[in-house]
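Analysis of the macromolecular model
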Amino acid sequence: MPLNVAIQMDPIGQVRIAGDTGFALMLEAQARGHRLFTYTPDKLTLRDGKVTAVINPVEVRDVEGDYYTLGQPERTDLSTLDVVLLRQDPPFDMAYVSSTHMLERIHPKTLVVNDPTEVRNAPEKLFVTHFPELMPPTLITRDRAEIEAFREEFGEIVMKPLYGHGGATVFKTGKADPNFGSLCDLFANLFREPWVIQAFLKEVTEGDKRIILIDGKAAGAVNRVPAVGDLRANMVRGGAARPTDLSKRELEICERIGPALRERGLLLVGIDVIGGKLTEINVTAPTGVRAIKKLGGPDLAAQLFDVIEAKRRGDL
């Protein structure tokens, strides 16, 4: 039975289709005969308890430069749809949080992927701290003295904003770094929230593995290798995608966190693992699905829609 599927996303004309997971999901939905719509978060409206958005019917094709055709926009009660895919990119700011408050009014009558309440309650760099035994030593603070003590203990450390994304503003510093004070000043001026401080994992040069979990189960992975001279392995920062298998340790990590993901209705999750250490659990708009398939891995968009359709039928 065809479903009405809307994707809440950034403007479709800005999508880089070669690596965009949301676009992969759109292609899969269309291939299955589902009716596809798109809208941007600024089109959400809450009035008298009803959540609406100006949505456009859309047709997509995997052709660079000619990948979509939009139909006429129409304001629509989102509770009349079957599925909403929450796919706009972070930053995870108050605009993002506000959209989750609106979408929770329609979920689960309309299946929102991921569950908007749990997206709000599980920001990537905080939710992961529920599993400290799987992580590298990690400090969340903006207290300079605490950071200095942590640096003294571990030597080389990584500093990043708590609600950052895509590898932006990630720095490595060490005990003798004369830029440390300036770096702390920079973070203090840029971010009101605490910062994430982690012991540096030298294994990052071998890759930062992105593992996709679907309904709490490990489904596929890609190894992202940093460019020469860069700490960050994110593909949007020049990291190279390499095929990979999951180690015993990585499977153990997935088995440990899987039940928590399922319990929270987090159907599509991307975790980051460096040297057998879990560093992030990405629930907002995880990426990697297209890279995994292009490198000969499984079709994760198809796996996710198998789960979505089963949930709409009431089988899960």
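Residues numbered from 1 in each chain as written. Predicted model: local features only at pLDDT ≥ 70, side-chain atom pairs only at ≥ 80, totals over all residues. Heavy atoms only, no water.

Rule in force here: UniProt positions are given in the numbering used here, feature names are shortened, and annotations may be inferred rather than shown by experiment.
Under an unreviewed UniProt entry, the name given to the chain is Glutathione synthetase, and the organism recorded is Bosea eneae. What UniProt states about the chain under its Catalytic activity (unreviewed entry) heading is, verbatim, "gamma-L-glutamyl-L-cysteine + glycine + ATP = glutathione + ADP + phosphate + H(+)". As stated in UniProt under Pathway (unreviewed entry), the record for the chain gives "Sulfur metabolism; glutathione biosynthesis; glutathione from L-cysteine and L-glutamate: step 2/2."

**Let's talk about the packing of aromatic side chains**
To be explicit about the condition: Stacked, edge-to-face and tilted are the three classes for Phe, Tyr and Trp ring pairs, Trp counted by its six-membered ring, which pair at centre distances within 6.5 Å; planes under 30 degrees apart are stacked, over 60 edge-to-face, the rest tilted. Counting from the N terminus, the helices are DSSP H or I runs at least four residues long and the strands are E runs at least two residues long. Using a 1.4 Å probe on the protein chains alone, a residue whose accessible area is under 20% of its type maximum counts as buried, one over 50% counts as exposed, and one in between counts as partly exposed.
Across all of its chains, the model carries nine aromatic pairs by this definition. Ring plane angle 40° and centroid distance 5.9 Å describe the contact between Phe-92 and Tyr-163, whose orientation is recorded as tilted. Here Phe-92, found in the loop between β7 (83–86) and α2 (94–103), pairs with Tyr-163, found in the loop between β10 (157–161) and β11 (171–173); they are 71 residues apart in sequence, far enough to count as distant. Ring centres of Phe-171 and Phe-187 lie 6.0 Å apart, and the angle between their planes is 65°; on these two criteria the pair is classed as edge-to-face. Highlighted residues: Phe-171 in strand β11 and Phe-187 in helix α6 (residues 180–190), separated in sequence by 16 residues. Accessibility expressed as a relative area gives 31% for Phe-171, which makes it partly exposed.

**Notes on the pattern of salt bridges**
As a reminder of what qualifies: Any carboxyl oxygen of Asp or Glu within 4 Å of a side-chain nitrogen of Lys or Arg constitutes a salt bridge here.
Under the defined criterion, the tally for this structure stands at 21 salt bridges. Measuring nitrogen to oxygen at the nearest pair gives 3.8 Å for the salt bridge that ties Lys-175 to Glu-152. In this pair, Lys-175 is assigned in the loop between β11 and α6 and Glu-152 in helix α5 (residues 144–154), connecting sequence segments 23 residues apart. Residue classification places Glu-152 among the exposed residues on the basis of a relative accessible area of 53%. Each of Glu-28, Arg-32, Asp-306 and Glu-309 takes part in one network of salt bridges that share partners.

**Some words on helix α1 (residues 21–31)**
Structural remark: α-helix, 3.6 residues per turn; residues separated by three or four positions point the same way. Operational definition: Counting of polar contacts relies on pairs of N or O atoms within 3.5 Å, with two restrictions inside protein: one atom must be capable of donating a hydrogen and the other of accepting it, and residues adjacent in sequence are counted only when both atoms are side-chain atoms.
Within α1, nine of the eleven residues are buried, which leaves it mostly tucked inside the rest of the structure. Looking only at α1, the buried set comprises Thr-21, Gly-22, Phe-23, Ala-24, Leu-25, Met-26, Leu-27, Glu-28 and Ala-29. Here α1 starts with a cap whose side-chain oxygen sits 3.1 Å from the backbone nitrogen of Gly-22, and that cap is Asp-20. Residue Gly-33 follows α1 closely and has a positive phi angle near 90°.

**Some remarks on the layout of surface pockets**
Keep this limit in mind: Cavity and pocket criteria rest on a 1 Å grid covering protein atoms alone: a 1.4 Å probe that fits but cannot get out defines a cavity, protein on both sides within 12 Å along at least 5 of 7 lines defines an open pocket, and an atom within 4 Å of a point defines a lining residue. Grid points are joined across faces, edges and corners, and a volume is the space filled by probe spheres set on the points. Residues are sorted three ways: Asp, Glu, Lys and Arg are charged, Ala, Val, Leu, Ile, Met, Phe, Trp, Tyr, Cys and Pro are nonpolar, and all the rest, Gly among them, are polar.
In this model, the second largest pocket occupies a volume close to 160 Å³. Listing elements by their share of the lining of the second largest pocket, those giving two or more residues are α1, α8 (289–294) and α9 (300–313). Take the lining of the second largest pocket: its biggest share by element is four residues, from α8. Classifying every residue of the lining of the second largest pocket by side-chain character gives five nonpolar, no polar and five charged.

**Describing the environment of Val-51**
Rules: We call two residues in contact whenever any of their non-hydrogen atoms come within 4.5 Å of each other.
Turning to its location among the elements, Val-51 is positioned in strand β4 (residues 50–60). Looking at Val-51, the relative accessible area reads 2%, which means it is buried. In this structure the C-alpha to C-alpha distance between Val-51 and Arg-105, which are 54 residues apart in sequence, comes to 7.2 Å. With residues up to four places along the chain from it excluded, the contact list for Val-51 reads Leu-44, Thr-45, Leu-46, Thr-76, Asp-77, Leu-78, Ser-79, Met-102, Arg-105 and Ile-106.

**Regarding the packing of α5 against α6**
Our working rule: Fitting a line to C-alpha atoms yields each axis, with helices limited to the stretch in contact; the angle taken between N-to-C directions then spans 0 to 180 degrees. Orientation categories follow fixed angle ranges, with anything under 35 degrees roughly parallel, anything over 145 roughly antiparallel, 65 to 115 roughly perpendicular, and all other angles oblique. Take the far helix as the reference: if the near one is turned anticlockwise from it by less than a right angle, the crossing is left-handed, and if turned clockwise, right-handed.
The interhelical angle for the contact between α5 and α6, taken along N-to-C directions, is 140°, at an axis separation of 12 Å. Taken together, the axis directions place α5 and α6 in an arrangement best described as oblique. As α5 packs across α6, the resulting crossing turns out to be right-handed. The residues of α6 that touch α5, namely those facing Arg-144, Ile-147, Glu-148 and Arg-151, are Phe-180, Gly-181, Cys-184 and Asp-185. Partitioning the contact of α5 with α6 into residue classes produces three nonpolar, one polar and four charged.

**Considering empty space enclosed by the protein**
Summed over all chains, the structure comprises two cavities of 30 Å³ or more. Of the volumes computed, that of the largest cavity is approximately 50 Å³. Pro-90, Phe-92, Pro-123, Glu-124, Lys-125, Leu-162, Tyr-163 and Gly-164 together form the lining of the largest cavity. In terms of residue class, the lining of the largest cavity is made up of five nonpolar, one polar and two charged. The space that makes up the second largest cavity amounts to roughly 50 Å³. Looking at the second largest cavity, the residues that line it are Leu-25, Leu-85, Leu-86, Arg-87, Val-113, Asn-114, Leu-268, Thr-284, Pro-286 and Leu-304.

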